[in-house]
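# Inside the fold
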Protein chains: 4
Amino acid sequence: MVGVGLIGTGFMGKCHAIAWNAVSAVFPQADRPRLVHLGEANAELASRKGVEFGFEKASGDWRAVVNDPEVDVVSITTPNQFHPEMAIAALAAGKHVWCEKPMAPAFADAQAMTEAARRSGRIAALGYNYIQSPAIRHIGTLLAEGVIGDLNHLRIEMDEDFMADPDALFGWKHEKSSGYGALDDFAVHPLSLVAVLFGRVSRVICDMARPYAERRTAGGNSRAVETHDIASVLMRLENGMSGTLQVNRSAWGRKGRIAVQIFGSKGSILFDQERFNEFQLYVTSDRPAEQGYRTILVGPQHTPYGDFVPAPGHGLGFNDLKIVECRELLAAIRGDRDTRLIDFDDGLEIERTVHAMARSFEQERWVDVR
Amino acid sequence: MVGVGLIGTGFMGKCHAIAWNAVSAVFPQADRPRLVHLGEANAELASRKGVEFGFEKASGDWRAVVNDPEVDVVSITTPNQFHPEMAIAALAAGKHVWCEKPMAPAFADAQAMTEAARRSGRIAALGYNYIQSPAIRHIGTLLAEGVIGDLNHLRIEMDEDFMADPDALFGWKHEKSSGYGALDDFAVHPLSLVAVLFGRVSRVICDMARPYAERRTAGGNSRAVETHDIASVLMRLENGMSGTLQVNRSAWGRKGRIAVQIFGSKGSILFDQERFNEFQLYVTSDRPAEQGYRTILVGPQHTPYGDFVPAPGHGLGFNDLKIVECRELLAAIRGDRDTRLIDFDDGLEIERTVHAMARSFEQERWVDVR
Amino acid sequence: MVGVGLIGTGFMGKCHAIAWNAVSAVFPQADRPRLVHLGEANAELASRKGVEFGFEKASGDWRAVVNDPEVDVVSITTPNQFHPEMAIAALAAGKHVWCEKPMAPAFADAQAMTEAARRSGRIAALGYNYIQSPAIRHIGTLLAEGVIGDLNHLRIEMDEDFMADPDALFGWKHEKSSGYGALDDFAVHPLSLVAVLFGRVSRVICDMARPYAERRTAGGNSRAVETHDIASVLMRLENGMSGTLQVNRSAWGRKGRIAVQIFGSKGSILFDQERFNEFQLYVTSDRPAEQGYRTILVGPQHTPYGDFVPAPGHGLGFNDLKIVECRELLAAIRGDRDTRLIDFDDGLEIERTVHAMARSFEQERWVDVR
Amino acid sequence: MVGVGLIGTGFMGKCHAIAWNAVSAVFPQADRPRLVHLGEANAELASRKGVEFGFEKASGDWRAVVNDPEVDVVSITTPNQFHPEMAIAALAAGKHVWCEKPMAPAFADAQAMTEAARRSGRIAALGYNYIQSPAIRHIGTLLAEGVIGDLNHLRIEMDEDFMADPDALFGWKHEKSSGYGALDDFAVHPLSLVAVLFGRVSRVICDMARPYAERRTAGGNSRAVETHDIASVLMRLENGMSGTLQVNRSAWGRKGRIAVQIFGSKGSILFDQERFNEFQLYVTSDRPAEQGYRTILVGPQHTPYGDFVPAPGHGLGFNDLKIVECRELLAAIRGDRDTRLIDFDDGLEIERTVHAMARSFEQERWVDVR
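Keep in mind that this is a model prediction, so the values were computed, not measured. (Residues numbered from 1 in each chain as written. Chains lettered and ligands numbered in written order. Predicted model: local features only at pLDDT ≥ 70, side-chain atom pairs only at ≥ 80, totals over all residues. Heavy atoms only, no water.)

What follows deals with the sheet that holds strand 3 (residues 57-59) of chain A. Residue and element names in this part refer to chain A. Taken in spatial order, the 7 strands line up as 3-2-1-4-5-6-17 in an open sheet, and their pairing is mixed. The strands lining the two open edges of the sheet, one partner per strand, are strand 3 and strand 17 (342-343). Two strands pair when backbone bridges link them, and strand 1 (residues 3-7) and strand 2 (residues 34-39) are joined in this way by 5 bridges, in the parallel orientation. Across the sheet, Gly 3 pairs through a bridge with Arg 34, a residue of strand 2. Packed on one face of the sheet, helix 9 (residues 318-333) meets strand 4 (73-76), strand 5 (96-99) and strand 6 (124-126) and runs near 160° to strand 5. (Pairing = 2+ DSSP bridges. Helix = DSSP H or I, 4+ residues; strand = E, 2+ residues; numbered from the N terminus. Contact = heavy atoms within 4.5 Å. Axes fitted to C-alpha atoms, helices over the stretch in contact; angles between N-to-C directions.)

This is how it looks when you write it as structure tokens:
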């Protein structure tokens, strides 16, 4: 029985908690994990959340979780800047680590985390949940089977509108210290899809933009925005494909869009995370007069949908993707070497690509990722 | 702490199990239930599922669950014909009951269950999960607010294709003893939406059809199909609306469709369960040149989406609806009188309507429901 | 060279005029018609429209058109009540007739028109333009080829919102003398599609409804509405299919919707006139994990799209359908016996069905069409 | 009465012919043009097409058209390389010119055409039909009214699949002499929309790609492809917006896609030419819980839809856009200075931008357009 520690109880902390609670009911083959120790910023909050989330113990100090001998794996769901210290400490304590993405604001920290993971011999996985959906998995299968032929072009966009209100006050996400902007917040997600579907990015050139040059502060003044809500990238992949990647966190009307267009010599595939229970396939093997994009609703034929619902077209939810990820993590901990996870090595490559994009913007030129 | 018993571990049994496991992590206000006793057809299966689903005890006899003094509420997820005996026994033992729908093949049995529930003073809820989605709840709010004005017309369709294959063998669902066909399988679902959004149906006339008159049997012969995969109904509601209800379990291409069209004097609303994380609203208060159906993605503004995910447009899944239902049930057990549940009384009205539809088909005439 | 007369210059009159002007440029095989004589209610309007529409002569009396020896074919686009007299006179004068639908408010008049057409030996065609679209034609081909197998069920809806405003004043369409309401206005259109795709309707039962019981008059009083904006019909076809037909001219948000759902033993087809440059096809011959509705954009493979545009997906317009119809009419006049037209005989059958629907509502029972 | 000459009878020649035939029936205010003289590559073809298209005269020499004293305006619809000589000759002969886009393969030729137009004082318009659609026009109105606030970002894609088949033989469009590839074929269309909606492009960086490095020749050999089917561009506009422009003529599944995404401080607008009878609008002035993209079907409120059809949602076709353009041209010829046309000056700016894109690809760096 795997002992679980959880640090953080915000958006992703709750998402991990739901996954740890539900994973065994969904995936019968999984060992039922034991929810051992929850850590939060203070004892009172930890205690309250510990009850809600079903953990046996709760502490106001994350180190108590990391060092608990009954804990085998630690979920790290705190803000990004805390990931390095926590992950490295957990790995040093011999724990498996399940850390939310991105790894860290600074590339050097992500490198240090990766080093720690390599040294530890433990499972060190990142929370890239979008790669787990049945649609994305089946798209991967179709690409591998050559159903749309030789791949030649990719377009991928990720857009939300949580920064779109010009009247929202200046906040920490507008400060340079928070990173580049949309590039950190969003680009890692489409790049996780690129990683599992196509492999590595080789060259990039990026443009960034600020929809709003200034924002009002809580004090009533105006302050220049230092990050960029929009980034647009031309890119080349190592597999020879050309493509573009675009992200925008000020895109009014978009809520959770990750739109993917994949073109091959025999067809094409479309996907949008806002309707992630379906995808679209166009194949030239259909009779010409009846060629068209098929809207395919995910169902039991698309792994692992059937573990959630035996009937097609009933739909998985965002939290279900984390349950799938949790199952993969448990399998990896059990020794299964064929799991679908983005580990720290893969994650470092994603962050390397993001930093290359930022560099190409600053230098106004094409940049090689490696 | 509420003690939970679960009878049945199939499609709906697993769905209940996931809900019981996850409800407290999702809804912090809920008491964390204690998973006490699981019942299945035999001890071995019960034992295995008990471990997977996290129950303390497991029995091959459902009566052990119903009579377990540590059990406060019993989930009944067995085939419909077993509902009456189990539900009545559980209520007689002083337990709250959470029973899957429809109540029973025979109306008299459903009446007996309702009687038992009234006598018991316990919570007796049915598993009508589609009424729980944030979209349907928000549609209810919009209707109550008069956003689309006075309601005048309703169209509702429920279609799947699990019976559509003409080469599938004759099975028990093709025998008259299983009921009317699509009317039993499906009509109760749209009628549950009608119940929460519009109230009671007053008059109906129904037509039924068999796409395939015969099917091959396992033995190689051919046998006449006795049930109807298709039913189409004209109806009048007590609130004065006219409408239609159509169901088809042989509708190739449809996987989990429940398409609703609601027309009022100031606008209209569209919904389809296959994309239940969105709905469409047309209002005449928009400027004429920009009137159009808005595709609204559910988000934290639509209760109780925000308890699952704080960001809009990320999507709930089918199983999440059962978690919402579970929360409502727990609230009702705690004494909350303002919960959204279809109890045995409401459920009986739904079944009365279904039987009136069947009668109108047999008699080829309009039939009053009451 | 075919000499053309046109009576009426409203919505449909203009549509005919565009068609007569453009048909030869679109369809090279067509004889270039000569636009001879335009008739309107008065000489001044006739004269002005004659110039705009390119007619050689113009008269304030329709009889001058009908009796013009240079006129070979007469387009009749006046209000429905004038159709019988004009069509019968034109046929008697030895002209071919192209008359807008429906034929006439009274069934007896439609019968008289049909009799006149039979006696005349001339082409007598009705303006059922929706049957001419490349999508509907290709759907017909697919059905004939058996691509979706044996047909078993049909749903068809036609909805617009031009009557939806409760504050619009009482008008002639609310008077009983105008007919039944939506049934006359709309039902003939879906029935024209039924005629070309499936054949005859055998039995019906209809319900009708009034969204607004009264309307204000121009004089400031209130008056009871005598027609029905909504009609819903259960029906059986002679080919054995079951189905429903629904029409609503008070359906806020719907502008030109004619939604068709066709179910067969091997697939299904969807179509909506609001997006008539595409249709959807689901076939079970696709690999199970990739079955889904294909959205097929019409293109040169779908007759007669290629006569308008050589590139696929560029789209035809509403007026283009009338150009196609015009081409069919010219071919019929030239003696081609294999044209796609709804003649007076076919049209009479459609009107017979509408009247049977109305009767079934009044008598609250199933009615046989013949 | 305006005398019309037409050179060329291919895709665009036919499109012009339909427009010249139908324009007066559609737009009553237009003078009815007189179809005087048609020119084609040889007398026989000219003569045949002259009859079909309704022209009085026909010649196998385009100079006869240009020099016909009865001709006031010349439609030039021949392959691009012939545009300069014909347009300059027609302008020199004192004719108005309506020339298909793009102007010419070489920028210097386009400049010479623009010079000739300036000197002539005649109307010199280009056939950019996509700017004429009611949806695009209304989007322009909404942007001008500030309905979506201050504009900040633009994405525009144009994709078709006529080059997508890897087994299609090497043709002239794969030779360097034909131009850059998709950039010439497609980019001018989205740039025409940029011109009317947003103004000029200031800076660009472009990447191009070849899906297929080689193609088989008719002779059975293999030959290297010299043009690029894919181009992706980062761009900055003079109005301060950032954006991207992407074109792909080997995009399997895309038939006539021009997808536009426009983001502002108060909302966003989406459009796709494959469904050009609708557009989508998201505005933050809607109540938060009901914000969503409205799918707005074009109707009489959207100029000049109502000139074609008085009822909304019935749809215009591709050829109708050319009829609108023809009306604008006739108005300009009559002296109306407020028409919506892309003249040679505007067209030259579009071609300047395309060439800057190509240069930025060759030089692998950002390039200023002017």
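Once the structure has been displayed, the description carries forward.
Okay, the interface of chain A and chain D next. Counting residues at the interface gives 46 residues for chain A, matched by 46 residues for chain D. Where chain A abuts chain D, roughly 3400 Å² becomes buried across the two surfaces, and 50% of that area is made up of carbon and sulfur atoms. When the buried area of chain A at its contact with chain D is split by residue, Arg 155, Leu 234 and Trp 252 of chain A rank highest and sum to 19% of it. Salt-bridge contacts for Arg 155 of chain A lead to Glu 157 of chain D; the nearest nitrogen and oxygen are separated by 2.7 Å. (Buried area = accessible area lost by both parts, 1.4 Å probe. Salt bridge = Lys/Arg side-chain N within 4 Å of Asp/Glu carboxyl O.)

The final tally for this structure, using the stated rule, is 148 salt bridges over all chains. Between Lys 173 of chain A and Asp 185 of chain A there is a salt bridge whose closest N-O contact spans 2.7 Å. Residue Lys 173 of chain A is found in the loop between strand 7 (151-159) and helix 7 (182-197), and its partner Asp 185 of chain A is found in helix 7; the two are separated by 12 residues along the sequence. For Arg 34 of chain C, the salt bridge is made with Glu 56 of chain C, and the minimal N-O distance between the two is 2.8 Å. With Arg 34 of chain C in strand 2 (residues 34-39) and Glu 56 of chain C in the loop between helix 2 (43-53) and strand 3 (57-59), this residue pair connects regions lying 22 residues apart in the sequence. Judged by relative accessible area, Arg 34 of chain C falls into the partly exposed class, the value being 26%. Taken together, the shared-partner salt bridges in this structure form one network comprising Arg 34, Glu 56, Lys 57, Asp 68 and Glu 70 of chain A. (Buried < 20%, exposed > 50% of the residue type's maximum accessible area, 1.4 Å probe, protein only.)

Residues and elements named next belong to chain C. Running from amino to carboxyl end, helix 5 (residues 107-120) crosses helix 11 (residues 344-363) at an angle of 165°, the nearest separation of the two axes being 9 Å. The orientation of helix 5 relative to helix 11 falls into the category roughly antiparallel. You can see that helix 5 and helix 11 cross each other, and the crossing is left-handed. In this structure, helix 5 uses Phe 107, Ala 110, Gln 111, Met 113, Thr 114, Ala 117 and Arg 118 to contact helix 11, whose residues at the interface are Phe 344, Asp 345, Leu 348, Glu 351, Arg 352 and His 355. By residue class, the composition of the contact of helix 5 with helix 11 is 6 nonpolar, 3 polar and 4 charged. (Parallel < 35°, antiparallel > 145°, perpendicular 65-115°, else oblique. Left-handed = near helix turned anticlockwise from the far one by under 90°. Nonpolar A, V, L, I, M, F, W, Y, C, P; charged D, E, K, R; others polar.)

Before going further, it helps to examine the pairing of strand 1 (residues 3-7) of chain B. All names here are of chain B. When you tally the buried positions in strand 1, you get 5 out of 5 residues, the bulk of the element. Neither face of strand 1 is exposed, since Gly 3, Gly 5 and Ile 7 on one face and Val 4 and Leu 6 on the opposite face are all buried. Here strand 1 pairs with strand 4 (residues 73-76) via 4 bridges, running parallel. Residue pairing across strands places Leu 6 opposite Ser 75, the latter belonging to strand 4.

Residue and element names in this part refer to chain C. By the criterion of burial, strand 15 (residues 278-283) is predominantly enclosed, with 5 of the 6 residues buried. Inspection of the sheet shows strand 14 (residues 267-272) paired to strand 15 by 4 bridges, in the antiparallel sense. Within strand 15, the position partnered with Leu 270 by the bridge is Gln 280. As consecutive antiparallel partners, strand 14 and strand 15 are separated by 5 residues. Relative to strand 16 (residues 293-297), strand 15 runs antiparallel, the two being bridged by 4 bridges. Opposite Gln 280, over in strand 16, you have Thr 295 as the bridge partner.

With that settled, the discussion passes to the relation of the copies chain C and chain B. For the pair chain C and chain B, the relating rotation is 180°, the translation along its axis is 0.0 Å, and the fit reaches an RMSD of 0.0 Å. Considering both components of the superposition, the chain copies are consistent with a two-fold axis. Of the C-alpha atoms belonging to chain C, the one lying closest to the rotation axis is found on Arg 365 of chain C, 3.1 Å away. A share of 100% of interface residues in chain C that are also interface residues in chain B marks the association as one of identical surfaces. (Least-squares fit on C-alpha atoms with pLDDT ≥ 70 in both.)

With 46 residues of chain C at the contact, the number on the chain B side is 46 residues. In this assembly, chain C packs against chain B so that about 3400 Å² is buried in total across both faces, 50% of it on carbon and sulfur atoms. At the junction of chain C and chain B, the tally comes to 8 salt bridges. Asp 207 of chain C is the partner of Arg 236 of chain B in a salt bridge, and the nearest nitrogen-oxygen pair spans 2.8 Å. Counting across the interface, chain C meets chain B through 28 residue pairs in polar contact (both at pLDDT 80 or more). Elements with a contribution of two residues or more to the side of chain C that touches chain B: strand 7 (151-159), strand 8 (201-209), strand 11 (230-237), strand 12 (242-248), strand 13 (257-264) and strand 14 of chain C. (Polar contact = N/O pair within 3.5 Å; in protein donor to acceptor, adjacent residues only side chain to side chain.)

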